[in-house]
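# Examining the three-dimensional arrangement
As a plain string of letters, each chain reads:
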Amino acid sequence: MNNLLYETLFDRHADSKATFLHLQDGTKISYRDFLAKAARFVNALVALGVKPGDRIAVQVAKSPEALALYAACARAGFVFLPLNTAYTVEELSYFIENSGATLVICDEKMFGSLSPVCEGFGARLSTLNADGTGELARSAQSASSEFETVHRSGDDLAAFLYTSGTTGRSKGAMLTQENLVSNARSLANTWRFTDKDVLLHALPIFHTHGLFVATNVTLMAGGSMIFLPKFDLDQMIEGMPQATTMMGVPTFYTRLLGDNRFTSDLTRHMRLFISGSAPLLAETHKEFEARTGHRILERYGMTETNMNTSNPYDGERKAGTVGRPLPGVDLKITDPETGRELPKGEIGQIEVRGPNVFKGYWQMPEKTAEELRTDGFFITGDLGRLDADGYVQIVGRNKDLIISGGYNIYPKEIELLLDDQPGVLESAVVGVPHPDFGETVLGLLVADKQEPLDLPGIAQSVNRSLARFKQPRKLIVVDQLPRNTMGKVQKNVLRDNYQDLFVPA
Ligand code: MLC
Ligand code: AMP
């Protein structure tokens, strides 16, 4: 094969008049038209001087054009680097510098503030807006729809996705063409996707879930997507009767259950609901079945590995478990201290190996070596056990991570910022239960008593630096932080103390 990713997921649909995207305004975009659009984008990107292997950092709203950029990068061998639309200029600067992106594509609204950043790092800047307008779109419009696909092997990089780290510095996870293709194939088979499927797509497309799971599986099967700009209850309820499948984070499911228009009638012809990215409470699973008659299929994955496990399509979908390893994925539970494999039933760290596992962190060989063993096993940082039937149950995390509404938040990044604020001696950030987001961010501050502690001022400063979803929903001043005998902050004590803050007991 000349270009594994492009040929497997895209090119074989090049002449297909079947619908790929159903848009909000009733417009349908066929595979053929989508791929012709993507080809014009490739030519527009090439005209900007981008070369195979270059990183293209993309912070744009979800749109058919944004998705066409992904197809364009696959075709020309550019490394696609999608970024959360909520990121601030400060956060973006790091990604642009660290990735060495040659081109940055943003909404026109961000152009003024990103211009000096891109200039400083020698990256070009172009624009694409939510409505498909912008400089890049204009240049694509007049470009040719002919392009000779660039040769790429399965081992070549297809995408970078940044994932935060326990040190507060984000790491660029390098995903190869083979990582994406093998996982898409495995998931499409496991979940029985076909060209008749219509996926209700409300996830963002800058993360694994919305892009490499939802979109790639649809492409693999030749199905279509009701492509919503974001999660919106009214639009979900309106789109549901036209769909056959849906993928979402647990917040999608709890929000749907909170609306009494969401009935078994509305979901009658749906064949599959899939959940992932964060733990789905067993009670949500049960409530969903009681309301609709459908048993949600939960699966487990991460940025570095794509999907690792899934509950079965046929057979028991066990609430509170993430199912068995996918075909081709080796999974073991090991002792975090020794790395020794533990017997079934015992709790340990989850390690995975397979064609889904990434190539390492961009320019961070030490970080890669800490998490990716030489025998190919990746240490996920999740804690779990295998039950008697080989189903994986995730029981916690061996990493200091908060998952809020499916977004990962690393406390260290927020603590570093809080520690820098005037009047703050030290801080601790923990995740506490939240009825909508599953977990949310709580910041505890200890005053240094030299300067007054200005909480609104601190909140403003946090607002300037961090995306909204990372900002503490509450800041509380405490006399001191609980520490163990080694002097380490006992976050479990803080989590216990404040567990009822947002979810009254
Ligand atoms: C938005 N906000 C969030 C938030 N999303 N705050 C905390 N956590 C989140 N996840 C902010 C908004 O800016 C807003 O701020 C306020 O919270 C309420 O906004 P909202 O209207 O509720 O936002 P909404 O658009 O509805 O977003 C909620 C959401 C969204 C759950 C629909 O976050 C979402 O689509 N999450 C999916 C994330 C995802 O795709 N994860 C996959 C990662 S891949 P204010 O100031 O107005 O209150 C991965 C691998 C794997 O993990 O296994 O899949
Ligand atoms: P990310 O780094 O954004 O890709 O997030 C990956 C992390 O999300 C995993 O390491 C898990 O901690 C968590 N995760 C993903 N799916 C599930 C799930 N079904 N249940 C519990 N946690 C999950």
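Residues numbered from 1 in each chain as written. Chains lettered and ligands numbered in written order. Predicted model: local features only at pLDDT ≥ 70, side-chain atom pairs only at ≥ 80, totals over all residues. Heavy atoms only, no water.

### Considering the overall build of the protein
For the protein, the count of helices and strands is 15 helices and 24 strands. In terms of overall dimensions, the protein is globule-like: its C-alpha atoms have a radius of gyration of 23 Å, near the 23 Å expected for 505 residues. Over its C-alpha atoms, taken along the principal directions, the protein stretches across nearly 65 × 55 × 50 Å. Burial statistics for the protein: of 505 residues in total, 59% are counted as buried. (Helix = DSSP H or I, 4+ residues; strand = E, 2+ residues; numbered from the N terminus. Rg over C-alpha atoms; globule rule 2.2 N^0.38 Å. Buried < 20%, exposed > 50% of the residue type's maximum accessible area, 1.4 Å probe, protein only.)

### Things to note about the site of ligand 2
Lining the immediate surroundings of ligand 2 are 16 residues, of which Arg299, Thr303, Asp382, Lys399 and Asn408 lie closest. The backbone of Ser277 places a nitrogen or oxygen atom 3.1 Å from a nitrogen atom of ligand 2. Within the side chain of Asn408, a nitrogen or oxygen atom sits 2.7 Å from an oxygen atom of ligand 2. Ranked by the residues each element gives to the shell around ligand 2, the list is headed by strand E13 (residues 297–302), at 5 residues. Within the shell around ligand 2, the residues separate by chemical class into 7 nonpolar, 4 polar and 5 charged. (Near = heavy atom within 4 Å. Polar contact = N/O pair within 3.5 Å; in protein donor to acceptor, adjacent residues only side chain to side chain. Nonpolar A, V, L, I, M, F, W, Y, C, P; charged D, E, K, R; others polar.)

### Thoughts on the side chain of Ser427
For Ser427, the location among the structural elements is in strand E22 (residues 424–434). A relative accessible area of 8% means that Ser427 is categorised as buried. A polar side-chain atom of Ser427 sits 3.4 Å from the main-chain carbonyl oxygen of Glu415. Here the side chain of Ser427 touches Asp419 through a polar contact of 2.7 Å, side chain to side chain. Residues within four places of Ser427 in sequence aside, it is in contact with Glu415, Leu418, Asp419, Leu444, Leu445 and Leu481. (Contact = heavy atoms within 4.5 Å.)

### A short note on the packing of aromatic side chains
How two aromatic rings sit relative to each other is set out by the distance from centre to centre and by the angle between their planes. Taken as a whole and judged by the stated rule, the model has 22 aromatic pairs. A centroid spacing of 6.0 Å and a plane angle of 55° characterise the contact between Tyr70 and Phe212, whose relative ring orientation is tilted. Placement of the pair is Tyr70 in helix H3 (residues 64–76) and Phe212 in helix H8 (residues 208–221), with a sequence separation of 142 residues. Exposure class is identical for Tyr70 and Phe212. Each is buried. Every member of this aromatic cluster is reached through a ring pair, and the members are Tyr87, Tyr94, Phe95, Phe160, Tyr162, Phe206, Trp362, Tyr407 and Phe469. (Phe/Tyr/Trp six-rings, centres within 6.5 Å; stacked < 30°, edge-to-face > 60°.)

### A short note on the state of the cysteines
Under the criterion given, the structure shown has 0 disulfides. The thiol sulfur of Cys73 is not disulfide-bonded, and the nearest other cysteine sulfur, from Cys106, lies at 15 Å. The closest cysteine sulfur to the non-disulfide-bonded Cys106 is located on Cys118, 7.1 Å from its own sulfur. (Disulfide = S-S within 2.5 Å.)

### Examining the site of ligand 1
Surveying the vicinity of ligand 1 reveals 24 residues, the closest of which are Arg255, Ser277, Arg299, Ser404 and Arg468. Between ligand 1 and the protein, one listed contact pairs an oxygen atom with a side-chain N or O atom of Ser277 at 2.6 Å. Here ligand 1 has 1000 Å² of accessible area as a free molecule, and 76% of this is covered by the chains. Counting residues per element, the ones that place at least two in the shell around ligand 1 are H8, helix H10 (250–257) and E13. (Areas by Shrake-Rupley, 256 points an atom, 1.4 Å probe, with all protein chains shown as cover.)

### Quick notes on helix H11 (residues 282–292)
Along H11, the residues classified as buried are Thr284, His285, Phe288 and Thr292. Angularly, the buried residues of H11 cover 105° about the axis, an arc narrow enough to put them on a single face. Relative to its buried face, H11 has exposed residues pointing more than 90 degrees away, namely Glu283, Lys286 and Ala290. On its buried face, H11 is in contact with H10 and strand E12 (272–275). (Arc of directions from axis to C-beta.)

### Some thoughts on the side chain of Glu91
One can find Glu91 in helix H4 (residues 89–99). Of the polar contacts made by the side chain of Glu91, one reaches the backbone nitrogen of Thr88; its length is 2.8 Å. Contacts of Glu91, omitting those with residues within four sequence positions, involve Ala86, Glu413, Ser465, Leu466, Ala467 and Lys470.

### Focus on the sheet that holds strand E15 (residues 324–325)
Read from one edge to the other, the open sheet built from 9 strands follows the order E2-E1-E10-E9-E11-E12-E13-E14-E15, with strand pairing classed as mixed. Two strands in the sheet have a free side with no partner beyond their single neighbour: strand E2 (28–30) and E15. Strand direction decides the pairing type here: strand E1 (residues 19–22) and strand E10 (residues 224–227), joined by 2 bridges, are parallel. Note on E10: the bridge partner recorded for His22 is Ile226. Relative to the sheet, helix H2 (residues 31–47) contacts E1 and E2, its axis offset from that of E2 by approximately 75°. (Pairing = 2+ DSSP bridges. Axes fitted to C-alpha atoms, helices over the stretch in contact; angles between N-to-C directions.)

### A few points about the layout of surface pockets
Here the second largest pocket is characterised by a volume of approximately 320 Å³. Contributing to the lining of the second largest pocket are 14 residues, with Glu90, Glu91, Gly168, Glu413 and Leu466 lying nearest its centre. Among the secondary structure elements, those contributing two or more residues to the lining of the second largest pocket are H4 and helix H13 (411–419). Residue classes in the lining of the second largest pocket are distributed as 5 nonpolar, 3 polar and 6 charged. Both of domain 1 (4–152) and domain 3 (402–497) provide at least three residues apiece to the lining of the second largest pocket. (1 Å grid on protein atoms, 1.4 Å probe; cavity = no way out; pocket = protein on both sides within 12 Å on 5 of 7 lines; lining within 4 Å. Points joined across faces, edges and corners; volume = space filled by probe spheres on them. Domains from an automatic or database assignment.)

### What about the nonpolar core?
Counting 113 residues, the largest nonpolar core has Phe10, Phe34, Leu67, Tyr70, Ile105, Phe193 and Met246 as the members making the most contacts within it. Per-element accounting of this core gives the leading share, 10 residues, to H3. The residue makeup of this core includes at least three contributed by each of domain 1 (4–152) and domain 2 (192–295). Counting 37 residues, the second-largest nonpolar core is a separate cluster that includes Tyr87, Met110, Ala123 and Met174. (Core = buried A, V, L, I, M, F, W, Y, C linked by side-chain atoms within 4.5 Å.)

### As for the pattern of salt bridges
Within this structure, the stated rule accounts for 26 salt bridges. For the salt bridge of Lys109 with Asp107, the shortest nitrogen-to-oxygen distance reads 3.8 Å. By relative accessible area, which is 72% here, Lys109 ends up exposed. Measuring nitrogen to oxygen at the nearest pair gives 3.2 Å for the salt bridge that ties Arg397 to Glu439. Linking Arg397 in strand E19 (residues 392–397) with Glu439 in strand E23 (residues 438–447), this pair joins segments that are 42 residues apart in sequence. When its relative accessible area of 26% is taken as the criterion, Arg397 is described as partly exposed. If you follow the salt bridges from partner to partner, you end up with Glu91, Glu413 and Lys470 in one network. (Salt bridge = Lys/Arg side-chain N within 4 Å of Asp/Glu carboxyl O.)

These figures capture arrangement, not role.
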